[in-house]
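Structural characterization, general
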Amino acid sequence: SDFGADSGFAGSIDEFRIYNYTLSESEIYGNTLAGPDSLTSDPADIFRWTPAAGGTYAFNNAGGQNNWDHTGSFPDATGASATMVGNLTGNQTINLNTTATLGNLTIGDADGSHGFLIAPGTGGVLEMKASTGLNASFTQSSTSGSNEISAPLLLSSNTELANTSSTATLTL
């Protein structure tokens, strides 16, 4: 280092990146596998929820809905990452309508005024299944309002559950 106060560091930095959001475990793992010249080994496995208005939506885009940032598809694979965080303008009910397999799920409203209800819909199940050697994770964001998962929950991997909100409940 050229800075005298930290002269004890005698190494180099291979990679340095700044993100405007917290990376999920699968994103970090994907970046590690991809190496320094790529952001992830499989960007198709990272999905972001797009609706902000209150109402009822289909997780699996049933009925021609397009609720994810990947046009026409939805997260449903071992190790897939779903981020359902945004500034909601009303409460949302999300009907799974299928078995949805995820490695990581993060949910929450940016200002804590609204919440998500993840319901089975037509026979839906939420399966948490991480890639080999990893734990699945389910996180309620720190700014979130209360959220509920009323759909059956299948834990096919060790699953870390974190409610990082100090004021909102997470009901399973």
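Further up the page is the structure itself.
Described in the following lines is the structure provided in the data block. (Residues numbered from 1 in each chain as written. Predicted model: local features only at pLDDT ≥ 70, side-chain atom pairs only at ≥ 80, totals over all residues. Heavy atoms only, no water.)

So, the nonpolar core
What counts, and what does not: Buried residues of nine kinds, namely Ala, Val, Leu, Ile, Met, Phe, Trp, Tyr and Cys, make up a nonpolar core once their side-chain atoms join them within 4.5 Å. Relative accessibility under 20% of the residue-type maximum defines a buried residue, over 50% an exposed one, and the middle range a partly exposed one, all with a 1.4 Å probe and only protein chains included. Secondary structure follows DSSP: runs of H or I at least 4 residues long count as helices, runs of E at least 2 residues long count as strands, and numbering of each begins at the N terminus.
Counting residues in each nonpolar core, the largest one holds 25 residues, and the members touching the most others are Met84, Ile94, Leu102, Leu105, Ile107 and Ile118. Of all elements in the fold, only strand 3 (81–86), strand 5 (99–102), strand 6 (104–109), strand 7 (116–119), strand 8 (125–128) and strand 9 (136–140) reach the threshold of two or more residues within this core.

Examining the packing of aromatic side chains
Heads up, the rule is: Classification of ring pairs rests on two measures: the distance between centres of Phe, Tyr or Trp rings, Trp counted by its six-membered ring, which must be within 6.5 Å, and the angle between planes, read as stacked under 30 degrees, edge-to-face over 60 and tilted in between.
Per the counting criterion, the structure on display carries five aromatic pairs. When the ring of tryptophan 49 is compared with that of tryptophan 68, the centres are 4.9 Å apart and the planes differ by 75°; the resulting orientation is edge-to-face. Note that tryptophan 49 is positioned in the loop between strand 1 (46–48) and strand 2 (55–58) and tryptophan 68 in the loop between strand 2 and strand 3, a separation of 19 residues in sequence. By the burial criterion, tryptophan 49 is buried, and tryptophan 68 matches it. Centre to centre, the rings of phenylalanine 59 and phenylalanine 74 are 6.1 Å apart; their planes meet at 75°, and the pair counts as edge-to-face. Of the two residues, phenylalanine 59 is situated in the loop between strand 2 and strand 3 and phenylalanine 74 in the loop between strand 2 and strand 3; the sequence distance between them amounts to 15 residues. For phenylalanine 59, a relative accessible area of 2% corresponds to the buried category. Of the aromatic side chains, those joined through ring pairs into one cluster are Phe47, Trp49, Tyr57, Phe59, Trp68 and Phe74.

So, the side chain of asparagine 60
Using the following cut-off: In this description, contact between two residues means that some pair of their heavy atoms is separated by no more than 4.5 Å.
Structurally, asparagine 60 can be placed in the loop between strand 2 and strand 3. Residues contacting asparagine 60, with those up to four places away along its chain left out, are Phe74, Asn95, Leu96, Asn97 and Thr98.

With respect to unusual backbone geometry
For asparagine 61, which is not glycine, the phi torsion reads 60° and is therefore positive. With respect to the helices and strands, the residue asparagine 61 is situated in the loop between strand 2 and strand 3. The exposure class assigned to asparagine 61 is buried, which follows from its relative accessible area of 8%. For asparagine 97, which is not glycine, the phi torsion reads 65° and is therefore positive.

Structural notes on the environment of asparagine 135
To be explicit about the condition: Think of a polar contact as two N or O atoms within 3.5 Å of one another; within protein, one of them needs to be a possible hydrogen donor and the other a possible acceptor, and neighboring residues in sequence only count if both atoms come from side chains.
Summarising the element assignment, asparagine 135 is placed in the loop between strand 8 and strand 9. According to the relative accessible area criterion, asparagine 135 is partly exposed, its value standing at 28%. Considering only alpha carbons, one finds asparagine 135 and serine 156, 21 residues apart in sequence, at a separation of 9.8 Å. There is a polar contact of 3.0 Å between the side chain of asparagine 135 and the side chain of glutamate 160.

A closer look at the sheet that holds strand 12 (residues 159–163)
Which entries qualify depends on this criterion: Note: two strands are recorded as paired if DSSP finds a minimum of 2 bridges between them. Lines fitted to C-alpha atoms define the axes, with helix axes restricted to the stretch in contact, and inter-axis angles between N-to-C directions lie between 0 and 180 degrees.
Reading across the sheet, the five strands line up as 1-3-6-9-12 and stay open at both edges, with parallel pairing between neighbours. Two strands bound the open sheet, and with one partner strand each, they are strand 1 and strand 12. The sheet shows a mean angle of 10° between the axes of neighbouring strands, direction not considered. Examined bridge by bridge, strand 6 and strand 9 share four bridges and lie parallel to one another. Opposite leucine 105, over in strand 9, you have phenylalanine 138 as the bridge partner.

Re a nonpolar patch on the surface
We count it as follows: The residues that make up patches have over 30% relative accessible area and no salt bridge, and they are joined within 9 Å when like-charged or within 5 Å when they are Val, Leu, Ile, Met, Phe, Trp or Tyr. To be clear on the numbers: accessible area is Shrake-Rupley with a 1.4 Å probe, and residue cover counts the displayed protein chains and nothing else. A pair is scored as a salt bridge if a Lys or Arg side-chain nitrogen falls within 4 Å of a carboxyl oxygen belonging to Asp or Glu.
Nonpolar side chains collect at one region of the surface, where Leu153, Leu155, Leu161 and Leu172 lie side by side and expose about 370 Å² of accessible area between them. Mapped onto the elements, leucine 161 comes out in strand 12.

Quick word on the sheet that holds strand 10 (residues 147–149)
The strand order across the open sheet built from five strands is 2-4-7-10-13, with neighbouring strands paired in parallel fashion. Each edge of the open sheet is held by one strand with a lone partner, namely strand 2 and strand 13 (170–171). Sheet topology note: the strand 2/strand 4 (residues 92–95) ladder contains four bridges and is parallel. Of the residues in strand 4, the one forming a bridge with tyrosine 57 is isoleucine 94.

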